[in-house]
Amino acid sequence: MTENNKKKKGSSRRKFLVRTAIGTGVLLGTGYLTRHIWRRTIFTEVDKGESPYLGDAATPGIWFEVTPENEVILYSPKVEMGQGTHTGLAQIAADELEIDIEKITVRHAESVSTNVDPFATGGSTSIMGLFQPLRELSATMREMLKNKAAEKLGVAATSLAVANGVISGGGKSITFGEVVDGVTDWEVPDVPPLKAMKDYKYIGKPVARVDLHDKVVGAPIFGMDASLPGMLFGSVCRSEKIGAKYVGADTTAAENMPGVVKIVKEKDFVGVVAKSYQEAENAKNAIEVEWKVERNWTSQDIEEMIEVGKGKPVVIQKEGKAKRILNNEEGIISSEYKSPLGAHAQLEPNGALAHVEGEKATVYISTQVVKITQGEVADRLGIATENVNIKPTFLGGGFGRRLHTPNAIQAAVLSKAVGKPVKCFFNRKEEFQNDTFRPPTHHLMKAKLSDDGKIEAIEHNVSSGDVMFGSALIPVDLSGFLGADVGAWRGGMFQYKAIPNHRAVSWRVKLPFATSWWRSLGLLANTFAIESFMDELSISAKKDPVQFRLDHIQDDLAGNRLKNVIKACAEKAGWKDGAEGNRAMGFAASTDASTPVAQIAEVSVEGNQIKVHKVTCAMDPGISVNPDQVKAQIEGCIIMGISASMFEKMYVEDGSLAPTIYGPYQMAQMRHAPKEIDVVLLQGVDKPGAVGEPPIGPIGAAIANAVFRITGKRLREMPLEIS
Amino acid sequence: MKISFTLNGTAQSVEVAENTPLLWVVRDVLDLKGTKFGCGKAACGACTLHVDGEAIRSCSYPIKMVEGKNITTIEGLSSGDSLHAVQQAWKEEIVPQCGYCQPGFMMATAAMLDKIPNPTDEDIDKNIQNICRCGTYYRMRKAIHRAAEIKAAEASDS
């Protein structure tokens, strides 16, 4: 353990910095990137998703500041993008620190503090990764404060009690703020025993979001809201065409346009800085850019690429002899499924406000990858990494879209060119055309039933564009080593391990535009295929689809957790197989990052209109640090999943990605959201697990399975449409 | 050109190009950042504010059209420290996730409730057509009904 205290000269606020090695006992995270263990073992480990905390032992990435007003500021290494992480962290800290949660302010740590997450905010890992380290750190800090209070009060530490930021005993009391006053020398004790779960006041309770007030009054908390005195606006020319390379530009017409401050020509782009956003946009549109476009891509080109059998296969799961059984035998049941190219479509466009001053740069940005943003800006400007301070803001939606932030580079280059702060962001068309999309997929499912109606063998082949490979988040090219993209096949393995012969194969396709991380990665598409097929098999086997699934789940911890959510969901929804009039229930389940989820969608069909009335969801994320926010994530996943599986589809037209605006890119709106969402939370393990992504898995299949019961039509392609 | 209007109860005058969208005047000239940019084509509703009590999408509303009019943004929805019924309901139901689209939804809701004090689900579906990517619609619907109750209670108190 180390300790470090700093007193800022001239600062009215005394800083009490804790940078210790406390609580980094879960440093499992990067193992799969460096250890040469057998590939399939890696896949299994990654599938469990339990490698969350990637801080390094010397800087755990969390620190507190105690103010003289007796408030605690918690600098979070994780960004808040709606998932509620800041609230969960405040709850965890408040409970072990013994201070009211209202007295804790959670702020994004700036990169200059060095206490930012070296990896990312994403993968549903924030709370599960920080639960233990933050509790230990908070409890240790409480003891440090208590010990120092004992010295100051002249009372034995053992006779002191801590409540709401006040340490009392022997008829005396002192606040945390008073304790830290004047102290420069701290002793860090061993980590004290943590409280029992039942004694927590906040953990496990539906505490209101800590950012709730700011978000209902419209406070300027997002990257787009950042502003600096003398700020100018930047805009960068981008081609509409897929794969276009910048050659050069004629900027004559733009140079004398109103508000233009400077045209900036770089080796790889041309941009403009102007006094207002409109003026920057107008001038940009007046620049004539020469692009090199090698091919005019069409949707058909892309569809032909995404096909099982094309590219390179990698077996990601194998048990028994599925391949042999399913080859050339009678009685094989087979189905194909497809999912489309999907956009993130988060409401806040990507952008940044950069201010480059000599050898230093400051960037305000909505980013999920503070460290990568910092490194990329430093590289481009040719300055030291530590001279770039990234100030992460609240994100107007993340969903994986902000795991790469080249906008920061462009804002910084433009700022350097004019010597003033420059804000630069995508318009919506640019946002749609430069997205890092959810890749399209094609699935081939095969199975054979035994005479007693059980699955003897099953196989899933999935062809997908890249998710992990080629992304900024994974700078090392692992494609040769791993072969299959762990993001693309997320959710592509079978959770029904009691099936004696099962096999999953991933086919990799590299598309001519960026496809990458999208909430839950491949889970939505893979679950759509597997769980639709399981429904088809249950019908062939003449079994109830819920019982059919239970019959194929193994008896181990993961299997029992899955069975429990399936049973809980069926019970809560009052599961009934078969349609009543034009209405029916559809069932599906998935396991993602060790969190099992079951959902039942109650759906009606009128004409060709599918309507989702109610969704019942049972999920076992382990400990729900904030059950209300876990529910909020479930509700959000269900609605985003309805949107993606019923409406959304990008396509390629005349070499360009389209649509480029909401509306034509249809998404779920108020009228499409179920009026009832009923959630059951189970706790099958005594630690928090993944929450923000797993519940998006089953919804597409649950809807399609309900539609089949009403119409007799099996919808095997998303977006789900009744023709 | 010079345009004069009232913003959140205060008289304002700005000197900008006549076709500048109201959104950018509010955000960048008058520095009220609660009204958001989402799409610039009136397709998402993140920029919704009130002009003379009507919910409009300010990204596609030229500044010249607000001469002499009354503009209310999310910052002016509450009066002093007391939140508007819609904001109170949003807090009670813990609606926001990322929060970016929420001011637009709250402004659209506030305008709807002025016309339809007790909206049905169908009224809500028809009138609230903004886009939320986090998928908070389920809680929003509850909050809209709750806001109607709070407003009705406020009206009977006064």
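This structure is a prediction, so every number in the text was calculated from the model and none was measured. In this convention, every chain numbers its residues from 1, walking through the sequence in written order. Here the convention is simple: chains get letters from A, ligands get numbers from 1, in the order in which they are written. For a predicted model such as this one, the threshold for reporting local features is a pLDDT of at least 70, and the threshold for listing and counting side-chain atom pairs is 80 or more; totals across whole chains, interfaces and linings nevertheless cover every residue. To get the side-chain values, all heavy atoms of the structure are used, and hydrogens and water are removed first.

K.L.:
Please explain the overall build of chain A as it appears in this structure.
P.N.:
Under the DSSP-based scheme used, a helix requires at least four consecutive residues in state H or I and a strand at least two consecutive residues in state E, with every element numbered from the N terminus. In terms of helices and strands, chain A carries 19 helices and 26 strands. Considering chain A as a whole, with its 723 residues, one finds that 63% of them fall into the buried category. For the area figures, the Shrake-Rupley method with a 1.4 Å probe applies, and any residue is considered shielded solely by the protein chains shown. With an accessible surface of roughly 26,300 Å², chain A has 48% of that area assigned to carbon and sulfur atoms. Under the scheme applied here, a residue whose accessible area is under 20% of the maximum for its type counts as buried, over 50% as exposed, and between as partly exposed, the area being computed with a 1.4 Å probe on protein chains only.

K.L.:
Before we go on, may I ask you to explain the interface of chain B and chain A in this structure?
P.N.:
Where the parts come together, the accessible area they lose is often given as the size of the interface. In this complex, chain B contributes 48 residues to the contact, which on the side of chain A involves 59 residues. Note on terms: buried area is the combined drop in 1.4 Å-probe accessible area of two parts once they are placed together, counting the loss on both. Taken together, both faces of the contact between chain B and chain A bury some 4,300 Å²; the carbon and sulfur share is 63%. Considering only the side of chain B, the residues that lose the most area to chain A are B:Q97, B:R133 and B:Y138, jointly responsible for 21% of the buried surface there. We define a salt bridge as a contact between a side-chain nitrogen of Lys or Arg and a carboxyl oxygen of Asp or Glu at a distance within 4 Å. For A:E648, the salt bridge is made with B:R133, and the minimal N-O distance between the two is 2.6 Å. N or O atoms closer than or at 3.5 Å make up a polar contact, with two conditions inside protein: a donor-capable atom paired with an acceptor-capable one, and, for residues adjacent in sequence, both atoms drawn from side chains. Linking chain B with chain A are 21 residue pairs in polar contact (both at pLDDT 80 or more). Among the secondary structure elements, those contributing two or more residues to the side of chain B that touches chain A are α1 (22-29), α2 (85-92), α3 (102-115), α4 (121-127) and α5 (137-157) of chain B. No other element matches the 6 residues that α5(B) contributes to the side of chain B that touches chain A. For this classification, the nonpolar set comprises Ala, Val, Leu, Ile, Met, Phe, Trp, Tyr, Cys and Pro, the charged set comprises Asp, Glu, Lys and Arg, and every other residue, Gly included, is treated as polar. Grouping the amino acids of the side of chain B that touches chain A by side-chain chemistry returns 25 nonpolar, 10 polar and 13 charged. Should any heavy atoms of two residues lie within 4.5 Å, those residues are considered in contact.

K.L.:
What is the right way to look at the pairing of strand β9 (residues 260-265) of chain A in this model?
P.N.:
Where a strand is regular, its side chains alternate between the two sheet faces. All names here are of chain A. In this analysis, strands are considered paired if DSSP registers two or more bridges between them. With 5 bridges connecting them, β9 and strand β10 (residues 270-274) associate as antiparallel partners. Paired with V260 across the bridge in β10 is A274. Turn length for the β9-β10 hairpin, with the two strands adjacent in sequence and antiparallel, is 4 residues.

K.L.:
What should I look at first to understand the environment of A:A541 in this one?
P.N.:
On the secondary structure map, A:A541 appears in the loop between α15 (523-540) and α16 (545-550). Taking the C-alpha atoms as reference points, A:A541 and A:K454, separated by 87 residues in sequence, lie 7.2 Å from one another.

K.L.:
Honestly, the domain arrangement of chain A in this entry has me stumped. Any pointers?
P.N.:
Residue and element names in this part refer to chain A. Considered domain by domain, chain A is made up of domain 1 (31-217), domain 2 (223-293 + 350-425) and domain 3 (300-343 + 436-711). Overall, the association of domain 1 and domain 2 removes approximately 1,400 Å² of surface from exposure, summing both partners, and the carbon and sulfur fraction of that is 59%. Connecting domain 1 to domain 2 are 1 salt bridge. The partner of E110 in a salt bridge is K391, with the nearest N and O atoms 3.0 Å apart. Run the count over domain 1 and domain 2 and you get 8 residue pairs in polar contact (both at pLDDT 80 or more). Here the residues of the side of domain 1 that touches domain 2 sort into 8 nonpolar, 5 polar and 5 charged. An automatic or database domain assignment provides the domain bounds reported here.

K.L.:
Teacher, can you tell me more about the sheet that holds β9(A) here?
P.N.:
Paired through their backbone hydrogen bonds, the strands of a sheet run either parallel or antiparallel. All names here are of chain A. With respect to topology, 7 strands assemble into an open sheet ordered β9-β10-β7-β17-β14-β15-β16, the strand pairing being mixed. For this open sheet the edge positions go to β9 and β16 (388-392), each flanked by a neighbour on one side alone. When the angles between neighbouring strand axes are averaged without regard to direction, this sheet yields 20°. Relative to strand β17 (residues 422-425), strand β7 (residues 232-236) runs parallel, the two sharing 3 bridges. From the neighbouring strand, L232 faces β17, where its bridge partner is V422. Simply put, an axis is a line fit to the C-alpha atoms, just over the touching stretch for a helix, and the angle between two N-to-C directions goes from 0 to 180 degrees. Helix α8 (residues 277-286) contacts β7, β9, β10 and β17 of the sheet and is inclined by roughly 30° relative to β7.

K.L.:
What is the right way to read the layout of surface pockets from this model?
P.N.:
One way to see where empty space is left: roll a probe the size of a water molecule over the atoms. Residue and element names in this part refer to chain A. Considering only enclosed or pocket space, the largest pocket measures out at about 1,200 Å³ in volume. Breaking the lining of the largest pocket down by element, the ones donating at least two residues are β8 (245-250) and α12 (406-418). Considering each element in turn, the lining of the largest pocket owes the most residues, 4 residues, to α12. Class assignment for the residues of the lining of the largest pocket results in 21 nonpolar, 13 polar and 10 charged. Mapping the lining of the largest pocket onto the domain boundaries places at least three of its residues in each of domain 2 (223-293 + 350-425) and domain 3 (300-343 + 436-711). Using a 1 Å grid laid over the protein atoms alone, points where a 1.4 Å probe fits but cannot get out form a cavity; open sets with protein on both sides within 12 Å along at least 5 of 7 lines form a pocket; any residue with an atom within 4 Å of a point counts as lining. Grid points are joined across faces, edges and corners, and a volume is the space filled by probe spheres set on the points.

K.L.:
Mind showing me how you'd approach the confidence of the model for chain A here?
P.N.:
Low-pLDDT portions of the prediction should not be read for the details of their coordinates. All names here are of chain A. Here chain A averages 89 in pLDDT, while 89% of its residues score no lower than 70. Confidence drops under a pLDDT of 50 for residues 1-43, and excluding neighbours within four residues, the segment shows 111 contacts in the predicted structure. A score between 0 and 100, pLDDT records how confident the predictor is in each residue. Long-range and interchain partners of residues 49-60, a stretch whose pLDDT sits below 50, account for 35 contacts in this model, where long-range means more than four residues apart.

K.L.:
Any chance you could explain a negative patch on the surface here in plain terms?
P.N.:
Residues and elements named next belong to chain A. Residues form patches when they are more than 30% accessible in relative terms and have no salt bridge. Like charges link within 9 Å. Nonpolar side chains (Val, Leu, Ile, Met, Phe, Trp, Tyr) link within 5 Å. In this count, Lys and Arg are taken as positive residues and Asp and Glu as negative ones, while His and the chain termini are left out. Charged groups are reduced to one reference atom each: NZ for lysine, CZ for arginine, CG for aspartic acid, CD for glutamic acid. Among the surface-exposed residues, E303, E304, E717 and E721 lie close enough to one another that they form a single negatively charged patch. Checked against the element boundaries, E717 lands in the segment after α19 (699-711). The exposure class assigned to E717 is partly exposed, which follows from its relative accessible area of 40%.

K.L.:
Where do I start with the pattern of salt bridges in this structure?
P.N.:
Residue and element names in this part refer to chain A. Enumeration according to the criterion identifies 51 salt bridges over all chains in this entry. Among the ionic pairs, E143 bridges to K146, the shortest N-O distance being 3.7 Å. Here the residue E143 and the residue K146 both occupy positions in helix α4 (residues 126-153), the gap between them amounting to 3 residues, near one helical turn. Under the relative-accessibility criterion, K146 is labelled buried at 16%. Between D268 and R380 there is a salt bridge whose closest N-O contact spans 2.8 Å. Linking D268 in the loop between β9 and β10 with R380 in helix α11 (residues 370-381), this pair joins segments that are 112 residues apart in sequence. Here R380 falls in the partly exposed class, since its relative accessible area comes to 24%.

K.L.:
What is the right way to look at empty space enclosed by the protein in this model?
P.N.:
Residues and elements named next belong to chain A. Within this structure, the stated rule accounts for 9 cavities of 30 Å³ or more. If you add up the space inside the second largest cavity, you get close to 60 Å³. Looking at the second largest cavity, the residues that line it are G223, M224, E348, P349, G351, A352, L353, Y364, S366, R402, K423 and F425. Looking at the lining of the second largest cavity, the elements with two or more residues in it are β14 (351-357) and β17. Its residues assigned to classes, the lining of the second largest cavity shows 6 nonpolar, 3 polar and 3 charged.

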